[in-house]
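An overview of the molecular structure
For reference, the chains in residue letters:
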Amino acid sequence: MQQRSAARLARILDACAELLDETGYEELSTRAVATRAGVPIGSVYRFFGNKRAMTDALARRNLDGYADRVERRLAAIPAADWQAALDAILDEYLAMKRTVPGFGLVDFGTRVPAGAPGPASERTADGEPVPDANHRVADRLTALLAAQSRRSPDAVLRRMVLVAVEAADALFQLAFRADASGDPDIIAETRELVRAYLARTLG
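Let me sum up the structure you'll find in this document. These numbers come from a predicted model, not from an experiment.

Here the focus is the overall build of the protein chain. Along its length, the protein chain carries nine helices and zero strands. Helices and strands appear in the protein chain in the N-to-C order α-α-α-α-α-α-α-α-α. Classification of the 203 residues of the protein chain by burial places 42% in the buried group. Long-range pairs, those at least 24 residues apart, make up 67% of the contacts in the protein chain with a sequence separation of at least 6. Accessible surface, the protein chain as shown: approximately 10,600 Å² in total, 53% of it carbon and sulfur.

Turning to its location among the elements, Met160 is positioned in helix 8 (residues 155–178). The class for Met160 is buried, based on a relative accessible area of 7%. Considering only alpha carbons, one finds Met160 and Arg200, 40 residues apart in sequence, at a separation of 9.4 Å. Once residues lying within four places of it in the same chain are set aside, the contact partners of Met160 are Tyr197, Leu198, Arg200 and Thr201.

Once that is clear, we can look at unusual backbone geometry. At Asp107, a residue that is not glycine, the phi angle is positive and equals roughly 30°. A residue is classified by how much of its surface remains accessible, and Asp107, at 3% relative accessible area, is buried. Notably, Arg150 is not glycine yet its phi reads approximately 55°, a positive angle. Within the secondary structure, Arg150 sits in the loop between helix 7 (133–149) and helix 8.

Moving on, we come to the nonpolar core. Core analysis: the largest hydrophobic core is formed by 38 residues, its most contacted members being Tyr66, Phe108 and Leu141. Breaking this core down by element, the ones donating at least two residues are helix 4 (51–74), helix 5 (82–99), helix 7, helix 8 and helix 9 (184–202). In terms of residue count, helix 8 provides more of this core than any other element does, 10 residues in total. Ignoring sequence-local partners within four residues, the contact set of Leu141 consists of Tyr66, Val70, Ile89, Val161 and Val165.

Attention shifts here to helix 1 (residues 2–23). Over its 22 residues, helix 1 runs 31 Å from end to end, which matches the ideal 32 Å to within 8%, given 1.5 Å per residue. Listed as buried for helix 1 are Ser5, Ile12, Leu13, Ala15, Cys16, Ala17, Leu19 and Leu20. Where helix 1 is buried, its residues meet helix 2 (30–37), helix 3 (41–47), helix 4 and helix 6 (103–106). Looking one or two residues beyond helix 1, the residue adopting positive phi is Gly24, at roughly 85°.

Another aspect to go through is the packing of aromatic side chains. On inspection of all chains with the given rule, the structure shows seven aromatic pairs. When the ring of Tyr66 is compared with that of Tyr93, the centres are 6.4 Å apart and the planes differ by 85°; the resulting orientation is edge-to-face. Within this pair, whereas Tyr66 is found in helix 4, its partner Tyr93 is found in helix 5, the two being separated by 27 residues in sequence. Each member of the pair, Tyr66 as well as Tyr93, is classed as buried.

This paragraph deals with a positive patch on the surface. Where like charges cluster on the molecular surface, the positive patch consists of Arg4, Arg8, Arg11 and Arg46. The element best represented in the positive patch is helix 1, accounting for three residues. Note that Arg11 resides in helix 1.

Running from N to C, helix 4 and helix 7 point in directions that differ by 15°, and their axes come no closer than 11 Å. Taken together, the axis directions place helix 4 and helix 7 in an arrangement best described as roughly parallel. Where helix 4 crosses over helix 7, the two elements pack in a sense that is right-handed. Touching Asp56, Arg60, Leu63, Asp64, Tyr66, Ala67, Val70, Glu71 and Leu74 of helix 4 are Arg136, Val137, Arg140, Leu141, Leu144 and Gln148, all from helix 7. Of the residues belonging to the contact of helix 4 with helix 7, the class tally is eight nonpolar, one polar and six charged.

Definitions and limits used
Residues numbered from 1 in each chain as written. Predicted model: local features only at pLDDT ≥ 70, side-chain atom pairs only at ≥ 80, totals over all residues. Heavy atoms only, no water. Helix = DSSP H or I, 4+ residues; strand = E, 2+ residues; numbered from the N terminus. Buried < 20%, exposed > 50% of the residue type's maximum accessible area, 1.4 Å probe, protein only. Contact = heavy atoms within 4.5 Å. Areas by Shrake-Rupley, 256 points an atom, 1.4 Å probe, with all protein chains shown as cover. Core = buried A, V, L, I, M, F, W, Y, C linked by side-chain atoms within 4.5 Å. Expected span 1.5 Å × (residues − 1). Phe/Tyr/Trp six-rings, centres within 6.5 Å; stacked < 30°, edge-to-face > 60°. Patch = residues over 30% accessible without salt bridge, like charges linked within 9 Å, V, L, I, M, F, W, Y side chains within 5 Å. Salt bridge = Lys/Arg side-chain N within 4 Å of Asp/Glu carboxyl O. Lys, Arg positive; Asp, Glu negative; His and termini not counted. Charge placed at Lys NZ, Arg CZ, Asp CG, Glu CD. Axes fitted to C-alpha atoms, helices over the stretch in contact; angles between N-to-C directions. Parallel < 35°, antiparallel > 145°, perpendicular 65-115°, else oblique. Left-handed = near helix turned anticlockwise from the far one by under 90°. Nonpolar A, V, L, I, M, F, W, Y, C, P; charged D, E, K, R; others polar.

What follows is the structure in structure tokens.
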């Protein structure tokens with residue numbers, strides 16, 4: 001039963017990702033997702049109260065997939081080669097941006113119009129705000145980089161990774177606005193910027 005439920009959830013998220021590419025977020029509907037996934041509409045509502053909750057779950061799945069890809073790449077990189085580690089982190093993001101359905105609109109956090117309703121999970125069980133997408137990415141990458149370079153995932157490293165994530169996110173958005181495949185010159189400049197900034201703590 002649990003395996004069937006997981007498979008159904010995966011179909012729903014796959015359908016959501018495909019429809020995001022085809023119609024965009026504004027036209028996305030839970031009914032369309034149910035039809036594409038081949039499941040009853042009640043199955044969608046069993047998992048998600050609205051489309052924002054569904055796309056947030058897709059974003060979290062994307063982040064898990066990204067972290068897995070990065071971890072596999074980092075496992076083959078020597079601890080001292082921090083530049084290769086950064087390249088792996090950036091390369092895996094770019095690969096997902098170009099190939100993963102729905103990633104252009106959602107990546108690791110739902111990019112929705114201002115005022116759109118959010119999911120019930122916007123706050124933790126303790127009532128604290130849920131960290132935004134780039135904070136979640138920074139947490140995962142800090143842990144991965146610390147393990148790869150055999151150093152402590154301290155507050156300094158975490159803060160610098162967060163700044164690098166925010167900068168790269170903004171610049172990659174610019175690169176993909178200029179070119180559907182990502183403007184190679186802007187991507188190259190972003191890579192140099194991130195390397196130069198993180199060299200202070202990783203180099």
